[in-house]
Amino acid sequence: MSLNFNVPEFMVERNEDRCIQCEVCVRQCANEVHTYDEEDNKVYADETNCVNCHRCVLMCPTRALSIKKHSLEFRENANWTASAMNEIYKQAQTGGILLSGMGNPKPYPIYWDRMLLNASQVTNPSIDPLREPMETKVILGRKPEKVTFDEDGNMTTKMPPQIELSTPILFSAMSFGSISKNAHASLARAARETGTLYNTGEGGLNKEFYEFGKNTIVQVASGRFGVHKEYLNAGAAIEIKIGQGAKPGIGGHLPGEKVGEEVSATRMIPEGSDAISPAPHHDIYSIEDLRQLIYSLKEATDYKKPVFVKIAAVHNAPAIASGIARAGADVIVMDGYRGGTGAAPTRVRDNVGIPIELALAAVDQRLREEGIRNEVSLLVAGSVRNSADVVKAVALGADAVYIGSAAVIAMGCHMCQKCYTGKCNWGIATQREDLVKRLNPEIVSTRLANLIRAWTHEIKEMLGGMGINAIDSLRGNRLMLRGIGLSEKELEILGINHAGE
Amino acid sequence: MKRVYANETYCVGCKLCEIHCAVAHSESKDIIKAYKKEKIKPMPRIVVEDDMPISFALQCRHCEDAPCIKACITGAMQKGEQTGIVTNEENRCVGCWTCILVCPFGAIVRNEQGKKVAAKCDLCAEIEDTPACVKNCPNEALKYEEEGE
Amino acid sequence: MAYVIIGNAAAAISAVESIRKIDTKKPIILISDEPYHTYSRPLISYYLGDKVTEDTMRYRGENFYKKHNVTTYFGKKVVEIICDKKQVRLEDDTFISYDKLLIATGSKPFVPPMKGLTGKENIHTFLKLEDAVELKQKVKKDMRVVIVGAGLIGLKAAEGLHKLCDDITVVELADSVLSTILDRKAADIVQKHITQEGIKFIFNTTISEIEGETKVEKLTLQDGRVIPCDLLVVAIGVRPNVDIAQTAGIDVNRGIVVDDSMQTNIADIYAAGDVTESLDVASDTRRVLALWPNAYRQGEVAGCSMAGGDAIFDSAFAMNAIGFFGLPMITAGLVNVDETQAEQYEVQLVYDEEEKWIKKFIIKQNQLKGFILISKVDRAGIYTSLIKEGIDIRQLDRALTSDAFGLIAFSKELRAEKMLKGGRI
Ligand SMILES: Cc1cc2nc3c(=O)[nH]c(=O)nc-3n(C[C@H](O)[C@H](O)[C@H](O)COP(=O)(O)OP(=O)(O)OC[C@H]3O[C@@H](n4cnc5c(N)ncnc54)[C@H](O)[C@@H]3O)c2cc1C
Ligand code: SF4
C-alpha cells in the first residue's frame, strides 16, 4: 500500500476531566471515530473519519467533547488552498469524481443578504398581526384571465386545479431512498399539521404514506421510479422534475446498497440494484415533448391535479420558464445553485447554475412581459434560510418557496455534507436501520411544524411592518425591496432600487 | 400505576438511560463526581439490550403480582401500598439472589461493592417525579405513563 | 370462628397476607412453637456470621400481626388436631376452634440413628434460630467442628461457623457437595472454592459412632477413620413435619398430600410449605420442595382458598439461589440427566473451571427443563421463566449460553407482549 495523503479535517477535543468513559460517543458515531480502550480505561478518537456532525458532542452527557478544525496547516497560499490540494490528493488516489452532499458551500454572493425590506412609517400605518387579521394563505395553480358570473352571481368560469396552502412554505423533494423513511414520515406529518405540502421526490411513494395524500406532491423524474396511476392520483399535485439546483444537467444515482426491501418495493426496482436516473427524460427533447408529458399526467389524473415542472436555475431560465408555462404547466419550480442534494459531483455542485434570486426576478419579469404570469405559479427553492428570505422571494415575484436544507437542518442535519456515504448519524440521509431509528418522527415532525409556524409568525410581523395584510399583496411588489452594495447590473436584473433611492 | 414503557422502534442504543440511572442512584447525584470520585461505582438499574438495529431498555416492570417479593427470603423486597413501586430495602437484603432467580425480566442487578445487595429500579420515586432514564432519553424511546396510554 | 394457622414462616405469613386480601374481618389465630416474631429461616447462617441481627432477620415489620389483625400464640406447640370437632389442642391443653385450618409446620431435621447419639452435649441440628443462637454461644475459636452433610444446610452452617472457629470438617456420604442441586462438574468447582476458604471435606463415608462421655469427643467413621470433634452439627436433611397431621388422619405420602387449592383430604384443613409434597414439573414426580419461594406461593394459594377465593397452585419445580463464600449459584429444575435417559435430553454446557463459572442447560423436546449457573447468575430469572412457561426455545434467536442472553432473544412480538404490558406476567 502506498502512502495516503489525506489528512483529517477535524480534531476531537476530549476534556479528560469530564470524560466518564461512558462510551456514548463510541456507540453513536457511525464513522467509528471513537474507541474505548479497556486496558487504559480511556476513550480515544481517530479523527480520520470525523465529519463533524456533532452527534457525539450533543449526546455526550458531560459535555466533554468539542470538535475543532484540524490545526494542521498547509503553507499559506491564496490560490492553492488546503481544500484545493486535498481534493487533488483524493483524486490522485482514487481516480474518481469527487462527490458531495448538501448545497453549494462556496462564497458566492448571497443576494438575499443584499436586499433590505421596507417598513411603514406615519403615512401608511403598519399593522399589528396580533390584533388584526393577517393572511398568509397562498393558492397555487393557474389563475384564469377573467372570471364570469351568471345572473344569480354564481361563477361560470371553470376553475383550473388549484391548491390552497396556509403558508407560502413547502417542503421540497427529498426521495425515500435518499432520505430515510422516518425522515419522510416526519415531513409528511409536519405538512399535514401545518397545512402545507411535502414532496415525495423521485423515489415513489410507500403505501403507508397515502394517508397524507392531501399534503403530498408526487414527483415524476427521468427514472420514473415508482410511477403508476395510483401513485399519480395519490397526491394533491404532480411535479415533473427536469433538473435540480445542486446538479443541473446531471442525473441521479442511488447506489444499490441503499436499495433495500422497502426502497425496492416503492421504486419498483429489484432489491440491491442501482437506481439510475438518466440526465434527461428520454422522452423529452423539446417544449412540445414536455407538453405531451404534462398532458399525459393530467389525463391520467382526470385534470384534477395541478402539474408542476421543476428546473434548475440556469442561464436561460426565463426563456425555458416561458416555454414551460406555454406547455401547460400549472406551477413552475426553480431550484437555485445552492439547492441541497443527497449526492452530487462536487464540481457540478460548486460551479453550475445561477443564484435563485436572479433567476426568480428574471423569470417573473419575463412572464409578466409576455402577459402569462397569471397562467402559472412560481415556486422557488435553493437555499431559503429564514422567513426574511421567504418575504424577499415573494416580493421578487414568487408565489411560495420550497425549503429543503432548512427542513433537514430542523430535523437535526448538521451539514456535514456526507449524505452520499449513507452513514448519516442523525438518521436522515441513510437507510441503515440502526441509524434510521435515531429519527423519531414524533419528535421531528413537531420540530418541522414548529419551524413552519415560527417562520409564518415572522412573515406576518414583516408584512404588518410594511402595512400589508396579505401575502398576496406583496407578490412581485419589488418596491418593498432595496439593494445594498449591488452593482447597477444586479439591481437591474433584480428590478429593485438601491437603498437610499 | 405509572410505569416506564420502552419503545424499541426509537431506541438508539446510546445507553444514556443507564448512565443517568446510575447517577440518580449515586451518592452525589452529580454525573462527574459519581463516575470519577465515588468509591462505589455508579450502577444502573436499567439495562439496554442491543444487537443493532434492535435495542431497547428494560427495567423492573413493578409487577402487580411480583415474583421477586414472593421469593424474597428476607422480606426486603416490598411493594409500596400506595405507589405500587417494588423496592428493595437494602439494609435487610443479604444478597442471596433469589429475586434474580425468579424475575422473568432479568431486571435485578447484583451490587457487590460493599455489602451485597440486589439493586433495582425504584422509578426514582425518592428523587424526582419523572424517572431519570425517561427524562434523559434523547429520542423519547422511554415513556412514563399509565398502562395502555 | 376463626382461621387457625399452625406455623409462622413463609407459608404461614403469606397465608395471612392472602386471607386479608379477601377477608379483612374474620379473626386469624397463628400458633407457633417458636417464641419469635416471624423471621427468615434461611438467615440463620447469616446470623452466625454476624451479617444480620435478630432485628434485621425479621421477615415482616414489627406491627405485622397487629396490622393484619392476627392473634398469636408463640412458643405453643399444637399436639393434636381434632377434625370432627374442628379444634386443635395445644400442649397446655388449650383448645382452639377453627373454621379453616392451615398446617404450615414446615420441616424438621432428619437425624438418623447413630451409635452414641444420645445423652451428649454439643450435638446440634441447624434449622431454627434457636439452633443458631445456641451454636453461637457454644462455638469457640479453637474448637474442632464436624458437620455431617454437605447439602445446602450443612454448607450454610459451615459458612456461618467459619468466622467463629478455625477447624471445620464436613463429612458427606456422597462423593460430592450439594448433590441434589448441582452436577458433578459444578460441585467440583464449588467444593474447590469452599476448600480454598479452609473448610475440610471427607467424602464417601459417614459417622458410625459418636464417642465421648457427656460431650462429643471424637467420631469414628464408617471407613474406620477416627476424627476428633468438639462440636457436631447434624445436617443430613429435613423431613416434613407431619406428625400431628398423620395422627389426625390426614393423607400423608412423602409430605402432606394436597390438591391444587392446597386442601388436604379432610374438609377445611389446608396445608402449605415444606410440610407438603407437590408435583415437580421438571422431574414429573411428586416430591417435597423445601424452598422458601415455594412455601410462600403455596401459603398464598392456601390463604386464598381458605378465604373463599379461587387460586390454584400450578407448576412447581426446585429452584435455588445460594452462595458460599462469595461464589453465587442459581439452579432450577432438572440439573442432572441420568445416563439411561440421556438420549431424550440435550445438554448445553459452557464453563471455565479456573474462573469458577458454569452455565449448563438441560433441554427436552425444545423446552428448557433445568439449568445450573455458577458465578454468572445474572438475569437467571429469564431462564426460569422459560422453564415455567414452557417456551419453545427454537423461537429464540440467541444461544442460551450466550452472555448477552436476554429478552432480545425473543421475537419482537413476544417481547412487546411481555414488556409493553408491563407488570402483567
Ligand atoms: C439454614 C437454612 C438455609 C436455607 N436457605 C434457603 C435458601 O437460601 N433459599 C430457600 O429457598 N430456602 C432455604 N431454606 C429453606 C427454607 O427455609 C424453607 O423452605 C422455609 O422455611 C419453609 O417455610 P415453611 O413456612 O413451609 O416452614 P418452616 O419455615 O419450617 O416453618 C414452620 C414453622 O412451624 C412451626 N411448627 C412446626 N410444627 C408445629 C406445631 N406442631 N405447633 C406449632 N408450631 C409448629 C415450626 O417451629 C416453624 O416455626 C433454608 C433452610 C435452612 C434451615
Ligand atoms: S424485579 Fe422483576 S419480578 Fe420484581 S417486580 Fe420488578 S420485574 Fe417483577
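Residues numbered from 1 in each chain as written. Chains lettered and ligands numbered in written order. Predicted model: local features only at pLDDT ≥ 70, side-chain atom pairs only at ≥ 80, totals over all residues. Heavy atoms only, no water.

### Examining the overall build of chain C
For step 1, the next point in the chain: The helix and strand tally for chain C stands at 10 helices and 25 strands.
For step 2, the next point in the chain: Rg of the C-alpha trace for chain C: 23 Å, near the compact-globule value of 22 Å for 425 residues, within the 12% margin.
For step 3, the next point in the chain: Its C-alpha atoms give chain C principal-axis dimensions of roughly 70 × 60 × 40 Å.
For step 4, the next point in the chain: Counting only contacts in chain C whose residues sit at least 6 apart along the sequence, the fraction spanning at least 24 positions is 61%. (Helix = DSSP H or I, 4+ residues; strand = E, 2+ residues; numbered from the N terminus. Rg over C-alpha atoms; globule rule 2.2 N^0.38 Å. Contact = heavy atoms within 4.5 Å.)

### Describing the side chain of serine 445 of chain A
Residue and element names in this part refer to chain A.
For step 1, the next point in the chain: Along the chain, serine 445 turns up in helix α14 (residues 441–465).
For step 2, the next point in the chain: Residue serine 445 is classed as buried on the basis of its relative accessible area of 3%.
For step 3, the next point in the chain: From its side chain, serine 445 meets the backbone oxygen of proline 441 in a polar contact 2.7 Å long.
For step 4, the next point in the chain: Once residues within four sequence positions are removed from consideration, serine 445 is found in contact with Ser186, Arg189 and Ala190. (Buried < 20%, exposed > 50% of the residue type's maximum accessible area, 1.4 Å probe, protein only. Polar contact = N/O pair within 3.5 Å; in protein donor to acceptor, adjacent residues only side chain to side chain.)

### Quick word on the confidence of the model for chain C
For step 1, the next point in the chain: Taken as a whole, chain C shows an average pLDDT of 94; of its residues, 99% reach a score of 70 or greater.
For step 2, the next point in the chain: Reported confidence for the predicted complex is 0.96 by ipTM and 0.91 by pTM. (pLDDT = per-residue confidence, 0-100.)

### Concerning the site of ligand 1
All names here are of chain C.
For step 1, the next point in the chain: The local shell around ligand 1 holds 34 residues, among which Asp33, Glu34, Arg41, Lys128 and Asp274 are the closest.
For step 2, the next point in the chain: One of the backbone nitrogen or oxygen atoms of serine 107 is found 3.3 Å away from an oxygen atom of ligand 1.
For step 3, the next point in the chain: Lysine 128 places a side-chain nitrogen or oxygen 2.7 Å from an oxygen atom of ligand 1.
For step 4, the next point in the chain: Relative to its unbound accessible area of 990 Å², ligand 1 is 95% covered by the protein chains.
For step 5, the next point in the chain: Of all the elements in the fold, those that place two or more residues in the shell around ligand 1 are α1 (10–22), β2 (28–32) and α8 (292–306).
For step 6, the next point in the chain: Broken down by element, the residue count for the shell around ligand 1 peaks at three residues, all from α8.
For step 7, the next point in the chain: Here the residues of the shell around ligand 1 are counted per class, giving 19 nonpolar, eight polar and seven charged.
For step 8, the next point in the chain: Each of domain 1 (3–107 + 239–306) and domain 2 (123–236) contributes no fewer than three residues to the shell around ligand 1. (Near = heavy atom within 4 Å. Areas by Shrake-Rupley, 256 points an atom, 1.4 Å probe, with all protein chains shown as cover. Nonpolar A, V, L, I, M, F, W, Y, C, P; charged D, E, K, R; others polar. Domains from an automatic or database assignment.)

### A word on the sheet that holds strand β3 (residues 70–74) of chain C
Residue and element names in this part refer to chain C.
For step 1, the next point in the chain: Read from one edge of the open sheet, five strands run β3-β2-β1-β7-β18, paired in parallel fashion. Two strands bound the open sheet, and with one partner strand each, they are β3 and β18 (269–271). Averaged over all adjacent pairs, the angle separating strand axes in this sheet is 20°, with direction ignored.
For step 2, the next point in the chain: Where strand β7 (residues 100–103) meets β18, three bridges bridge the pair, whose relative direction is parallel. (Pairing = 2+ DSSP bridges. Axes fitted to C-alpha atoms, helices over the stretch in contact; angles between N-to-C directions.)

### A word on helix α4 (residues 129–138) of chain C
For step 1, the next point in the chain: For α4 of chain C, every residue scored as buried is listed here: Leu129, Asp131, Ala132, Val133 and Leu135 of chain C.
For step 2, the next point in the chain: On the buried face of α4 of chain C, the contacting elements are α2 (44–48), β9 (123–125) and β16 (231–234) of chain C.

### Examining the site of ligand 2
For step 1, the next point in the chain: What surrounds ligand 2 is a group of 13 residues, the closest being Cys60, Arg61, Cys63, Cys68 and Cys103 of chain B.
For step 2, the next point in the chain: For the shell around ligand 2, a count of residues per class yields 10 nonpolar, one polar and two charged.

### Describing the sheet that holds strand β14 (residues 218–221) of chain C
Residue and element names in this part refer to chain C.
For step 1, the next point in the chain: If you trace the three strands from one edge of the open sheet to the other, you get β13-β14-β15, paired in antiparallel fashion. Where the open sheet ends on each side, the last strands, each with one partner, are β13 (207–211) and β15 (226–228). When the angles between neighbouring strand axes are averaged without regard to direction, this sheet yields 20°.
For step 2, the next point in the chain: Direction of pairing for β14 relative to β15: antiparallel, over a ladder of three bridges. Each residue of the ladder has a partner; that of lysine 218, found in β15, is proline 228.

### Concerning the domain arrangement of chain C
Residue and element names in this part refer to chain C.
For step 1, the next point in the chain: Per the domain assignment, the segments of chain C are domain 1 (3–107 + 239–306), domain 2 (123–236) and domain 3 (330–420).
For step 2, the next point in the chain: The distance between the C-alpha centroids of domain 2 and domain 3 comes to 33 Å.
For step 3, the next point in the chain: Of the roughly 1,000 Å² buried where domain 2 meets domain 3, counting both sides, 64% is carbon and sulfur surface.
For step 4, the next point in the chain: The partner of aspartate 183 in a salt bridge is lysine 360, with the nearest N and O atoms 2.8 Å apart.
For step 5, the next point in the chain: In the side of domain 2 that touches domain 3, the residues fall into five nonpolar, three polar and three charged. (Buried area = accessible area lost by both parts, 1.4 Å probe. Salt bridge = Lys/Arg side-chain N within 4 Å of Asp/Glu carboxyl O.)

### Structural notes on the interface of chain B and chain C
For step 1, the next point in the chain: Facing the 40 residues of chain B at the interface are 47 residues of chain C.
For step 2, the next point in the chain: Interface area for chain B against chain C, summed over the two sides, is near 3,600 Å², with a carbon-plus-sulfur share of 57%.
For step 3, the next point in the chain: Per-residue buried area on chain B facing chain C is highest for Lys70, Ile73 and Leu101 of chain B; these three make up 19% of the total on that side.
For step 4, the next point in the chain: On the surface where chain B and chain C come into contact, there are six salt bridges.
For step 5, the next point in the chain: For glutamate 8 of chain B, the salt bridge is made with arginine 415 of chain C, and the minimal N-O distance between the two is 2.8 Å.
For step 6, the next point in the chain: Our count for the contact surface shared by chain B and chain C stands at 17 residue pairs in polar contact (both at pLDDT 80 or more).
For step 7, the next point in the chain: Elements represented by at least two residues in the side of chain B that touches chain C include exactly β1 (2–6), β2 (47–51), β3 (54–58), α3 (67–71) and α4 (98–102) of chain B.
For step 8, the next point in the chain: Across the side of chain B that touches chain C, the residue classes tally to 21 nonpolar, five polar and 14 charged.

### Quick look at the arrangement of the chains
For step 1, the next point in the chain: There are two pairs of chains in contact here, and the one with the most contacts is chains B and C.
For step 2, the next point in the chain: A gap remains between chain A and chain C, which never touch, and the nearest two C-alpha atoms on either side lie 15 Å apart.

### Focus: the domain arrangement of chain A
Residue and element names in this part refer to chain A.
For step 1, the next point in the chain: By the assigned domains, chain A splits into domain 1 (10–96) and domain 2 (168–465).
For step 2, the next point in the chain: Using only C-alpha atoms to locate each centre, domain 1 and domain 2 end up separated by 33 Å.
For step 3, the next point in the chain: If you look at the interface, domain 1 gives 13 residues, while domain 2 gives 11 residues.
For step 4, the next point in the chain: Buried area between domain 1 and domain 2, both sides added, is near 1,100 Å², and the carbon and sulfur share of it is 49%.
For step 5, the next point in the chain: Three residues stand out in domain 1 for area buried against domain 2, namely Ala30, Cys53 and Arg55, and they jointly supply 47% of the buried area on that side.
For step 6, the next point in the chain: Scanning the region where domain 1 abuts domain 2 turns up one salt bridge.
For step 7, the next point in the chain: Across the salt bridge formed by arginine 347 and glutamate 87, the nearest N and O atoms sit 2.6 Å from each other.
For step 8, the next point in the chain: The interface formed by domain 1 and domain 2 holds four residue pairs in polar contact (both at pLDDT 80 or more) in total.

### Overview of the state of the cysteines
All names here are of chain A.
For step 1, the next point in the chain: Taken as a whole and judged by the stated rule, the model has zero disulfides over all chains.
For step 2, the next point in the chain: Just so you know, cysteine 50 is unpaired, no disulfide at all, and the nearest cysteine sulfur is the one on cysteine 56, 6.5 Å from it.
For step 3, the next point in the chain: We note that cysteine 60 lacks a disulfide partner, and the nearest cysteine sulfur, in cysteine 22, lies 6.0 Å from it. (Disulfide = S-S within 2.5 Å.)

### Focus: the pattern of salt bridges
For step 1, the next point in the chain: As enumerated under the stated definition, the model contains 69 salt bridges over all chains in all.
For step 2, the next point in the chain: Here glutamate 89 of chain B and arginine 92 of chain B are joined by a salt bridge, their closest N and O atoms 3.5 Å apart.
For step 3, the next point in the chain: For glutamate 89 of chain B, a relative accessible area of 31% translates into the label partly exposed.
For step 4, the next point in the chain: Arginine 92 of chain B gets classed as buried once you look at its relative accessible area, which sits at 11%.
For step 5, the next point in the chain: Overlapping salt bridges, with partners in common, bring together Asp364, Arg368, Arg373, Asp399, Asp472, Arg475 and Arg478 of chain A in one network.

### Structural notes on the pairing of β3 of chain B
Residues and elements named next belong to chain B.
For step 1, the next point in the chain: When you tally the buried positions in β3, you get four out of five residues, the bulk of the element.
For step 2, the next point in the chain: Two strands pair when backbone bridges link them, and β2 and β3 are joined in this way by five bridges, in the antiparallel orientation. Looking at β3, one finds that aspartate 51 is bridged to isoleucine 54.
For step 3, the next point in the chain: Between β2 and β3, which pair antiparallel one after the other, the connecting turn spans two residues.

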